Amino acid sequence: MSLQFWKPGTIGPGSSLDRATETEENVIPSAPLVTNLSIDAARQRLPIFKHREKLLYCVEKHGVTIVVGQTGCGKTTQLPQYLYEAGWSTNGNLIVCTQPRRVAATSVAGRVSTEVGTILGDEVGYTIRFEDVSSKERTRILYMTDGMLFRETLVDPLLSRYSVIMIDEAHERSVYTDLMLGILKNSPFTFMPIVCNRIRRKRPSLRLIVSSATLDATSFLDYFTSGNAPDEATIVSLEGRMFPVQVAYLQEPVPDYVRKAAEVVWSIHLQNGSGDILVFMTGREEIDRCLEELSEMLPSLPRYAMRLRLLALHAGLSTNEQLAVFEPAERGSRKVIISTNIAEASVTIDGIKFVVDSGFVKIRTYNPTSSLSSLVTVPVSQASATQRAGRAGRTSSGICYRLYTESAFQTLPLTTPPEITRVDLTTPILQLKSLGIDDLMKFEWVTSPPAESVLRALEGLYAAGMIGEDGRLTVVGEKVAECPVDVNIARMLFMSKEYKCGEEILTIAAMTAVQDVFIIPEGAAGALAELERRKFTAEEGDHLTLLNAYNAFIRYGRSSSWCKSHALSFRAMSRAVSIRSQLKKYMQRFGLPLESCEGDAKRLRKCLVSGYWRNGARWVADGTYRSVRGNTTLYVHPHSVLFTRKPRSGWVVFHEMEETKKTQIRILTEIEPDWLLEYGHKYYDKRTGASVQ
DNA sequence: GAGCACTGC
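None of the values given here were measured: they were computed from a predicted structure.

Engineer: Can you break down the overall build of chain A residue by residue, with the values?
Structural biologist: Scanning chain A from terminus to terminus reveals 25 helices and 21 strands. Residues classed as buried in chain A amount to 55% of the 693 residues present. For chain A, long-range pairs separated by at least 24 residues make up 72% of all intrachain contacts whose partners lie at least 6 apart in sequence. For chain A, the exposed surface amounts to about 30300 Å²; the carbon and sulfur share of it is 51%.

Encoded structure:
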């Protein structure tokens, strides 16, 4: 394979590390310091233990401490321990550290409890949805998902259990991270001493640490100090322990990065010593194509070369298939993992020495005007590209090959827009209202979502009866805010009392909340799986089909082998069981009866319409649908049981709509059109005088 | 007749 694609002076496959000019000595830039920690000290790149006293001092003195720490600097594991030793968790107080992901919260808690020398769940514990491994009396350091802490604020807005709150991985800017930071600054109940002195009287001892792996951390400081109180907060930079990763760029852009990726993998393999290869693609389709290209090359592998073990990694794989990427390659062979963005932060594989970065990623976007969510392929941000490159330097020095030019890299956005700017805000805004934040126009977001999204969410909440004309929560809205489900689904749960079908609606609510219930593989196996699925098919549509599958799963003893032989995902089904039992508790608390409709599907479908009435669609002769709102053309998702069939009444409601190549609707149920009117009139007549046609 | 990036409560 020719090396001419690689810009001279950067590193091409096969060139020696010694000869190559380094474009970036270490792809993780060292952090500039805005700190009252001595800049000289930082320049000397002191190891973390020398920061320790300064760090404790900063937390002690200031309301907000921003910590910039690279991968491996120990901020997540060490910092809470320092605070613990320094006595921040006396008098029954807790030090809480939030993580965006469940696995991170559990694994870090495990590590720290070992370091402290206690059993997990004793002094060190974790709390994630469905799992609370902590002790009310004894736990002092608690790891938690940020979503879980956010939910806790709905119950205890003062967060009175905690003396220190550390929002970790803040650079990822998950919705819940942003909401947590937002309420810490804005809520009338919370305490930011800098911003809100009246609260400082309520919680004078509470401290906040925001920790981030990237430098946009300075913006967190500005956010909390409104840009004018630098002596009230600090940024501390910690040195990471990472091996250097060198970066090579293409000299010329390529039209087909999938093919190019396969070629680069091939030349790395032939010209470099041992070390596994990780390739970033955008989705399953590209992964499969790249694997195909590589397997076609395999027969031409020279006899002297190591063997190649080709692996795919994406979220759609079963647990076992995912675990395969962690198995060390056999002697004399090299692992090549072709992955989605899952390997950028969620899944960490040791032993990777080479990263091949396509430079693209699929992200969710939301168009508030059409309330359409879509999945688009976009160029990655520089921060993402840096993170991807870093995956090559976890266990030794490595090389990252970027399948784009250096000048293209310079034009990439610095960061990915925070998730809060790209999602439907209906649920977040309902929850903020529940926290007493009524005037959303005055709410100071870390990054403001589009005003249109806020308005659309308010409109939806009003239409669903969650807020009144004054914008305040209704009695139902107050309850629904506590429920961990979508507003539509919550409405159904409440209406099930009228339709006497709580038992079934509860199951449907749980099943619609999990993804990939049916496993339909490609090709011949897929056809067999389709046949299996037909055993559960209800002619009314997907909701009742999901209900049938759930009931059968319970009837046959929740067995994983049973799932396997019926094309069902055991993981998804088990999750549905957990969600159902959680939602059941909410129903009991709200006094909603768990009656069965005793096979009366009409009652059940009417209840579905009470939640989905804004998601109506009409069948047209070409097999597509037209939405009731907006009259846009909708295509049925191929996984729907109504994909091949016209609904008898010609009308359906659907669970969600999403734009991919076309606008698709997922999880459909056949209904009578006048059921839509029953709910539609209440809304349309009052607001605009228009009606549902 | 055709397809789901990744989290989280």
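And the narrative resumes.
Engineer: Describe the confidence of the model for chain A, with residues and values.
Structural biologist: Here chain A averages 84 in pLDDT, while 85% of its residues score no lower than 70. Taken as a whole, residues 191-201 scores under 50 in pLDDT and shows 26 contacts with residues more than four places along the chain or in a different chain. For residues 685-693, every residue scores under 50 in pLDDT, and the model assigns this stretch 17 contacts once sequence neighbours within four places are set aside.

Engineer: Give me the nonpolar core: which residues, what numbers.
Structural biologist: As a rule of thumb, nonpolar side chains are buried together in soluble globular proteins. Formed by 111 residues in total, the largest nonpolar core has its most connected members in Tyr-162, Ile-165, Leu-432, Leu-440 and Leu-568. Ignoring sequence-local partners within four residues, the contact set of Leu-568 consists of Val-517, Phe-518, Ile-519, Phe-536, Ala-549, Trp-562, Cys-563 and Met-573. Counting 29 residues, the second-largest nonpolar core is a separate cluster that includes Trp-266, Ile-287, Leu-291 and Ala-305.

Engineer: Got a sec to walk through the protein's contact with DNA strand B? Specific residues and values, please.
Structural biologist: Taken together, 31 residues lie around DNA strand B, and Arg-102, Ala-315, His-639, Phe-643 and Arg-666 are the ones closest in. Put simply, 58% of the atoms of DNA strand B that lie within 4 Å of the protein are in sugar or phosphate. In the model, a phosphate oxygen of DNA strand B is placed 3.2 Å from a nitrogen or oxygen of the Thr-340 side chain. Interatomic distance of 2.5 Å between a side-chain N/O atom of Arg-666 and a base nitrogen of DNA strand B. If you list the elements that add at least two residues to the surface near DNA strand B, you get α5 (146-155), β14 (360-367) and β21 (663-671). Considering every element that reaches the surface near DNA strand B, the biggest residue donor is α5, with three residues.

Engineer: Would you mind going over the pattern of salt bridges in detail, with residue names and values included?
Structural biologist: If you walk through the whole model with that rule in mind, you get 26 salt bridges. A salt bridge links Glu-444 to Lys-185, with the shortest nitrogen-to-oxygen separation between them at 3.1 Å. Taken together, the residues Glu-444 in the loop between α15 (426-434) and α16 (451-463) and Lys-185 in helix α6 (residues 175-186) connect sequence positions 259 residues apart. Here Glu-444 falls in the partly exposed class, since its relative accessible area comes to 39%. The class of Lys-185 is buried, set by a relative accessible area of 6%. Between Glu-459 and Arg-456 there is a salt bridge, and its shortest N-O distance comes to 3.5 Å. With Glu-459 and Arg-456 both in helix α16 and three residues apart, the pair spans about one turn of that helix. A single salt-bridge network, built from bridges that share partners, covers Arg-259, Lys-260, Glu-263 and Glu-293.

About the criteria used
Residues numbered from 1 in each chain as written. Chains lettered and ligands numbered in written order. Predicted model: local features only at pLDDT ≥ 70, side-chain atom pairs only at ≥ 80, totals over all residues. Heavy atoms only, no water. Helix = DSSP H or I, 4+ residues; strand = E, 2+ residues; numbered from the N terminus. Buried < 20%, exposed > 50% of the residue type's maximum accessible area, 1.4 Å probe, protein only. Contact = heavy atoms within 4.5 Å. Areas by Shrake-Rupley, 256 points an atom, 1.4 Å probe, with all protein chains shown as cover. pLDDT = per-residue confidence, 0-100. Core = buried A, V, L, I, M, F, W, Y, C linked by side-chain atoms within 4.5 Å. Near = heavy atom within 4 Å. Polar contact = N/O pair within 3.5 Å; in protein donor to acceptor, adjacent residues only side chain to side chain. Salt bridge = Lys/Arg side-chain N within 4 Å of Asp/Glu carboxyl O.

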